[in-house]
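Residue-level listing of the chains:
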Amino acid sequence: MILEKGYRPSEDEEFMNERQLAYFKNALEEWKNGIVAESKETLAHLQDGPIQEADPNDRASSETDWGLELRTRDRQRKLTSKIDSALRRIEDGEYGYCQVTGEPISLDRLIARPIATMTVEAQEAHERSEKVSRDR
């Protein structure tokens, strides 16, 4: 489905109608494509070869930068997996509904975090229970 320019899901329409699903699918695919493009740039940069700086301080700085870049790419790899999961939920007709309660996730939350799997309330309860189990 082709969306009109500037379309934004609204509470005034049926929840997770065809237009809303197309909006979120497009947003998720664009996000993923951006991550993949950045990953290709990083891979090309890393394939340029080992760090060649003669000065130990410069070499240490470059190694730190590489480490940060690799950690960022790992986080993005995990994010890509979550995006793929959200795209599967769209295909399965489960997108936009809390995996804990089955209730609709607010449009504002989905716009801010399209990979959300829980309502704010369910997420907060989940985080509280994680904190309690961590503190024990």
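Fair warning: this is a prediction, and the values are worked out from it, not measured in the lab. (Residues numbered from 1 in each chain as written. Predicted model: local features only at pLDDT ≥ 70, side-chain atom pairs only at ≥ 80, totals over all residues. Heavy atoms only, no water.)

Engineer: Tell me about the overall build of the protein chain, and name the residues and values.
Structural biologist: Scanning the protein chain for helices and strands turns up four helices and zero strands. Walking the protein chain from its N terminus toward its C terminus, one meets helices and strands in the order α-α-α-α. Taking 2.2 N^0.38 as the reference for a compact globule, 136 residues should give roughly 14 Å; the C-alpha atoms of the protein chain span a radius of gyration of 20 Å, well beyond that estimate. When its C-alpha atoms are laid out on the principal axes, the protein chain stretches across 65 × 50 × 25 Å. (Helix = DSSP H or I, 4+ residues; strand = E, 2+ residues; numbered from the N terminus. Rg over C-alpha atoms; globule rule 2.2 N^0.38 Å.)

Engineer: Account for the confidence of the model for the protein chain, with residues named and values stated.
Structural biologist: As a general rule, the predicted coordinates of low-pLDDT regions are not to be interpreted in detail. When pLDDT is averaged along the protein chain, the result is 88, and 92% of the positions lie at 70 or above. Ranking the elements of the protein chain by mean pLDDT puts helix 2 (residues 56-92) last, at 86, and helix 3 (residues 107-112) first, at 97. (pLDDT = per-residue confidence, 0-100.)

Engineer: Kindly report on the layout of surface pockets, identifying the contributing residues and their values.
Structural biologist: Reported here for the largest pocket is a volume of approximately 180 Å³. Lining the largest pocket are Lys82, Ser85, Arg89, Gln99, Arg109, Arg113, Ile115, Ala116, Thr117, Met118 and Gln123. Considered class by class, the residues forming the lining of the largest pocket number three nonpolar, four polar and four charged. (1 Å grid on protein atoms, 1.4 Å probe; cavity = no way out; pocket = protein on both sides within 12 Å on 5 of 7 lines; lining within 4 Å. Points joined across faces, edges and corners; volume = space filled by probe spheres on them. Nonpolar A, V, L, I, M, F, W, Y, C, P; charged D, E, K, R; others polar.)

Engineer: Account for the nonpolar core, naming residues and giving values.
Structural biologist: Where a protein is soluble and globular, its nonpolar side chains tend to be buried together. Formed by 22 residues in total, the largest nonpolar core has its most connected members in Phe24, Leu28, Ile83, Tyr95 and Leu110. Secondary-structure elements contributing two or more residues to this core are helix 1 (18-46), helix 2 and helix 3. Among residues more than four places away in sequence, those in contact with Phe24 are Pro9, Met16, Ile90, Tyr95, Leu107, Leu110 and Ile111. (Core = buried A, V, L, I, M, F, W, Y, C linked by side-chain atoms within 4.5 Å. Buried < 20%, exposed > 50% of the residue type's maximum accessible area, 1.4 Å probe, protein only. Contact = heavy atoms within 4.5 Å.)

Engineer: Let's hear about the pattern of salt bridges: which residues, and what values?
Structural biologist: Pairing is possible between side chains of opposite charge, provided their charged atoms come close. Scanning all chains against the criterion turns up six salt bridges. Close ionic contact of Asp84 with Lys32 constitutes a salt bridge, the shortest N to O distance being 2.6 Å. Note that Asp84 is positioned in helix 2 and Lys32 in helix 1, a separation of 52 residues in sequence. Given the relative accessible area of 24%, Asp84 is considered partly exposed. Judged by its relative accessible area of 24%, Lys32 is partly exposed. One salt bridge connects Arg73 with Glu38, and the closest N-O pair in it is separated by 3.6 Å. Here Arg73 is found in helix 2, whereas its partner Glu38 is found in helix 1, with 35 residues between them in sequence. In the salt-bridge network here, residues are joined through shared partners; they are Asp74, Arg77 and Lys78. (Salt bridge = Lys/Arg side-chain N within 4 Å of Asp/Glu carboxyl O.)

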